[in-house]
Amino acid sequence: MFLIICKRLIISSFLVVFIFSGCRKSASGTDSVNGDAFIEFSTNNLFGGKNEFKSNSTVGGFVSRTNTAGNTKIIITAVQMNGPQIGTAMLTIYVPQNYSGAISGKFENDNTENTQAVLAIGISNAGTIQEGYTSVNGNYSITKLTGSEIEGTFDAYCIDETNSTNISLSSGKFLGKF
């Protein structure tokens, strides 16, 4: 069920991204801040016909940061376009509010951890979803987190419950500017 929700979230993010790309809001209070995003990784199996994802489009890519209930939620959404094929990677990370510096975590964290994360990746071709995976385990490391940017690395094992398939991601990198 969680994976179905994540897939719907990916599709919804496509719509939100195209409607609001380039939008900036106030950084005060609980408002979000949107900015530039980049994600890349290698795969053990073909993903969209390739063994590499590297975001290459500013259209649809964004970073948002929202402070709520003592945590900061950071969403990095990056897009790889190749003709009618669109790949999306969406990394959602929760860190303690007002945290800066470096921090590491696991994708399989439970609710008692200081940091939590989920990675959802998908490929669509001419609007038809071909593949969609969600992380079930792996590691991430935020190497830089400031009031204006985030960057780090990751590896993950992801599954597509609909098709009972899996994919391993390695050499992952992410970068976002708020």
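Structural data are supplied above this passage.
Residues numbered from 1 in each chain as written. Predicted model: local features only at pLDDT ≥ 70, side-chain atom pairs only at ≥ 80, totals over all residues. Heavy atoms only, no water.

### Overview of the pairing of strand S4 (residues 71-82)
Stated formally: Strands pair, by our definition, only if DSSP identifies at least two bridges between them. Numbering of helices and strands runs from the N terminus, with a helix taken as a DSSP run of H or I at least four residues long and a strand as a DSSP run of E at least two residues long.
Bridge count between strand S3 (residues 57-68) and S4: eight bridges; the pairing is antiparallel. Each residue of the ladder has a partner; that of arginine 65, found in S4, is isoleucine 74. Where S3 folds back onto S4 in an antiparallel hairpin, the turn is made up of two residues, including alanine 69, whose phi is positive at roughly 50°. Sheet analysis places S4 next to strand S5 (residues 85-96), joined by twelve bridges and oriented antiparallel. In the strand pairing of S5, isoleucine 75 is matched with threonine 92. Connecting S4 to the antiparallel partner S5 that follows it, the hairpin turn spans two residues, and glycine 83 within it adopts a positive phi of roughly 60°.

### Structural notes on the environment of isoleucine 93
Here is the rule we go by: Any two residues whose heavy atoms approach within 4.5 Å at even a single point are treated as in contact.
As for its position among the elements, isoleucine 93 is in strand S5. When the C-alpha atoms of isoleucine 93 and phenylalanine 107 are compared, they prove to be 9.4 Å apart, with 14 residues separating the residues in sequence. Contact partners of isoleucine 93, with chain neighbours within four places excluded, come to Thr72, Lys73, Ile74, Gln116, Ala117, Tyr140, Ile142, Ile150 and Phe174.

### Focus on the packing of aromatic side chains
Put simply, the rule is: By convention, a stacked pair of Phe, Tyr or Trp rings (six-membered ring in the case of Trp) has centres within 6.5 Å and planes under 30 degrees apart, an edge-to-face pair has planes over 60 apart, and any other such pair is tilted. For each residue, the accessible area found with a 1.4 Å probe, counting protein chains only, is set against the maximum for its type, and the residue is called buried under 20%, exposed over 50%, and partly exposed in between.
Tallying each qualifying case throughout the model produces seven aromatic pairs. Between phenylalanine 41 and phenylalanine 53, the ring centres sit 5.0 Å apart and the planes meet at 5°, which makes this aromatic pair stacked. Linking phenylalanine 41 in strand S1 (residues 33-47) with phenylalanine 53 in strand S2 (residues 50-54), this pair joins segments that are twelve residues apart in sequence. Take phenylalanine 41: its relative accessible area is 2%, and that puts it in the buried class. For phenylalanine 53, a relative accessible area of 1% corresponds to the buried category. A connected cluster of aromatic rings, assembled from ring pairs, spans Phe41, Phe47, Phe53, Tyr133, Phe154 and Phe174.

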